[in-house]
Amino acid sequence: MDQGLRELYQEIILDHSRHPRHFGAIADANHVAEGHNPLCGDKVKIYLSVDANDRIKDVSFEGRGCAISVASASLMTEMLKGRSVAEAEELMGGFLLLVKGDDAQTLEEDDRERLEVMAGVSAFPMRVKCATLAWHAMKAALDGKGNTRTE
Amino acid sequence: MRQDTSYDVASLRRDFPILAREVHGRPLVYLDNAASAQKPKHVLETMNTFATSEYANVHRGVHYLSGAATERYEEARVRVQRFLNAAHSDEIIFTRGGTEAINLVSYAYLAPLIQPGDEIVLSIMEHHSNIVPWHFLRERQGAVLKWVEVSDLGELDPADVARAIGPKTKLVAISHMSNVLGTKTPLQEIVRLAHARDVPVLADGCQGAVHGVVDVQALGVDFYAITGHKLYGPTGIGVLYAKRKHLKSMRPFQGGGEMIREVTKANVTYADAPMRFEAGTPPIIEAVGLAAALDYIDDVGRERIDAHEQALAGIAAKRLKEMNGVRIIGEARDKGPIISFEAIGIHAHDLATILDREGVAVRGGHHCAQPLMERFNVSGTARASFALYNTQAEVDALIAAVHEARKVFG
């Protein structure tokens, strides 16, 4: 198999896409937004429950999409729980660098290691939007924007 | 299907320089022809020669080149007339593409006729370009869209079209060939049933005109839209065929130069069709290129191209169906060489990405036909579509690449 493909469709990505974590709505979400990629029809809805101290108590997603977008959303929910809103935004900033081929030195070592499974997408410029859809929706939810699009 | 042994595909491929290139280190296997076809040297060289030796604006100057260019442009119109077997060359209106051709009908013909509650009949398998212009009339003038369903095989029953036609129906807008399912619609019969109720028919021929012979007079259609780039011609050029009897009542589309008879400070009068609908400098080089593309197609032979493509698509469909976990969407008995399929558990975009790395270019997604995706309950499909230059070896490459995708996804 092509090396680029091997890096894109790593086992951990396939696992997240087949068995997405935190999938489904959460009842006490106070920040919700939908991400939509009109080019491919992919949709993802992000639910966040943020407490009075700006900490993410709970996070989940639902929607449909390709392996990359589902795995990215799933991985994101795993990593956001317990973080502050500011930390979530920093994490997103680093993730956006990673998927564009930057080594994202701004990220904490641990975070970079976990997110690096998505870095293979940087060799597939047509697919970067798939990886970033859930993250943009998460940001839109935190900003109270309701929905967002990537195309 | 019996192979045409005189059909020399290797020699035809040499007419298309791009087919010799590699993608990701693999030979290009171009199966995205329903999105756009590659261009033969004959088209590119004709456009180049025209631009370097005979080009000027048309219908304007009195100088030599203006006359020469006008002649070539009008010859292109006659060439399209012959290709579609239209009765008159003034029934051929050049547009920027198929989308603009349909929008022209919507704006110039239908919009002035629409009262709130009037109906437009269309099928669930239309391309967005044959949906959204009618949504405009729904949003702006209260038109009602009446959708005709297709069967699980993707077939359209003309009786269902007839049932959808009511006293308030102002137009039937239907694809001649689905860009997703490949279904050929029974257009002649639909026209007969619609005309019996005094309802005109617009056919989206963007795919239909590419595969097989189109005769607009035999079909009886009122409007027929085609696009140049799917016919091995350039982008930026399309055609609306409109029956002469409608042309007189159609209001002008865009306003500008070339579409007028006289402009004063107080008034304006309009040129006759087709000029009335061709405001501004038209796509002149592209029209000449389109004519060259039609020459190329007819030199190879439309029946022979059709037989070649049908044979390839037949083999590809059979082999895809033999694979575990692959489902073909659209198995109409009468269909063109367009195959939509899904590999269960693999999203169309993942599939298209993996195929691409094997050099195989297919389309993955909703194909600008979201109502149809909803009908078949899929978010998207992969689509392999065949052209005159595709080969059996390329079918093998497609099948091998789908196997590869199955391996990646376990």
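Worth saying up front: this structure is predicted, and the values here are computed from it rather than measured.

Caption draft 1: Main features of the overall build of chain B. Within chain B one finds 14 helices and 17 strands. Over its C-alpha atoms chain B spans a radius of gyration of 22 Å, differing by no more than 12% from the 22 Å that the globule rule assigns to 410 residues. Taken along its principal axes, the extent of the C-alpha atoms in chain B is 75 × 55 × 35 Å. Taking all 410 residues of chain B together, 51% fall into the buried category. Across chain B, every contact between residues at least 6 apart in sequence was considered, and the portion connecting residues at least 24 apart equals 71%.

Caption draft 2: Summary view of the interface of chain B and chain A. Every contact between the two is made by 14 residues of chain B and, on the other side, 15 residues of chain A. Residue assignment for the side of chain B that touches chain A shows that the elements contributing at least two residues are α12 (348-357) and α14 (392-408) of chain B. Considering each element in turn, the side of chain B that touches chain A owes the most residues, five residues, to α12 of chain B. Residue classes in the side of chain B that touches chain A are distributed as three nonpolar, eight polar and three charged.

Caption draft 3: Summary view of the sheet that holds strand β8 (residues 201-204) of chain B. Residue and element names in this part refer to chain B. Pairing within the open sheet is mixed, and its seven strands lie in the order β4-β10-β9-β8-β7-β5-β6. The open sheet is flanked by β4 (92-95) and β6 (144-148), the only strands paired with a single partner. The mean angle between the axes of side-by-side strands here comes to 20 degrees, regardless of whether they run parallel or antiparallel. In this structure, strand β9 (residues 223-227) lies alongside strand β10 (residues 238-242), joined through five bridges in antiparallel fashion. In the strand pairing of β10, Ala225 is matched with Leu240.

Caption draft 4: Examining the packing of helix α10 (residues 284-300) of chain B against helix α11 (residues 302-322) of chain B more closely. Residue and element names in this part refer to chain B. Closest axis-to-axis distance for the α10/α11 pair is 5 Å, and the angle between their directions is 75 degrees. As summarised for this structure, α10 and α11 are arranged roughly perpendicular, according to the angle between their axes. Residue-level inspection shows Ile297, Asp298 and Val300 of α10 in contact with α11, the latter providing Arg302, Arg304 and Ile305. A breakdown of the residues in the contact of α10 with α11 according to their chemical character gives three nonpolar, no polar and three charged.

Caption draft 5: Molecular detail of the sheet that holds strand β16 (residues 363-365) of chain B. Residue and element names in this part refer to chain B. If you walk across this open sheet you meet the four strands as β13-β14-β17-β16, and the pairing is antiparallel. Each edge of the open sheet is held by one strand with a lone partner, namely β13 (326-329) and β16. Taking the axes of each pair of neighbouring strands and ignoring which way they run, one obtains an average angle of 30 degrees across the sheet. Alignment of strand β14 (residues 338-343) against strand β17 (residues 381-385), held across four bridges, turns out to be antiparallel. Its bridge partner being in β17, Ile339 is matched across the sheet by Ala384. Strands β14, β16 and β17 of the sheet are contacted by α12, whose axis makes an angle of about 160 degrees with β16.

Caption draft 6: How the structure looks around the pairing of strand β3 (residues 56-64) of chain A. All names here are of chain A. Strand direction decides the pairing type here: strand β2 (residues 42-50) and β3, joined by eight bridges, are antiparallel. Residue pairing for β3: Lys43 is matched across the bridge by Arg64. In sequence, β2 turns back onto β3 through a hairpin of five residues, with Asp54 there showing a positive phi of about 65 degrees.

Caption draft 7: Main features of α14 of chain B. Residue and element names in this part refer to chain B. When the terminal C-alpha atoms of α14 are compared, their 25 Å separation across 17 residues agrees well with the 24 Å that a helix rising 1.5 Å per residue should span. Within α14 the residues assigned to the buried category are Glu394, Val395, Ala397, Leu398, Ala401, Val402, Ala405 and Val408. For α14, the angular spread of buried residues about the axis comes to 160 degrees, placing them on one side. Facing away from the buried side of α14 by more than 90 degrees, the exposed set consists of Ala393 and Lys407. Two residues or fewer after α14 comes Gly410, characterised by a positive phi angle close to 60 degrees.

Caption draft 8: Inspection of unusual backbone geometry at higher detail. Residue and element names in this part refer to chain B. A cis amide bond links Ala273 to the next residue, Pro274, at an omega of 0 degrees. By secondary structure assignment, the location of Pro274 is in the loop between β12 (268-270) and α10. Look at Glu258: it is not a glycine, yet its phi comes out positive at around 70 degrees. Relative to the helices and strands, Glu258 is located in the loop between α9 (244-247) and β11 (260-263).

What counts and how
Residues numbered from 1 in each chain as written. Chains lettered and ligands numbered in written order. Predicted model: local features only at pLDDT ≥ 70, side-chain atom pairs only at ≥ 80, totals over all residues. Helix = DSSP H or I, 4+ residues; strand = E, 2+ residues; numbered from the N terminus. Rg over C-alpha atoms; globule rule 2.2 N^0.38 Å. Buried ≥ 20, exposed ≤ 12 C-beta atoms within 10 Å, placed from the backbone. Contact = placed C-beta atoms within 7 Å. Nonpolar A, V, L, I, M, F, W, Y, C, P; charged D, E, K, R; others polar. Pairing = 2+ DSSP bridges. Axes fitted to C-alpha atoms, helices over the stretch in contact; angles between N-to-C directions. Parallel < 35°, antiparallel > 145°, perpendicular 65-115°, else oblique. Expected span 1.5 Å × (residues − 1). Arc of directions from axis to C-beta.

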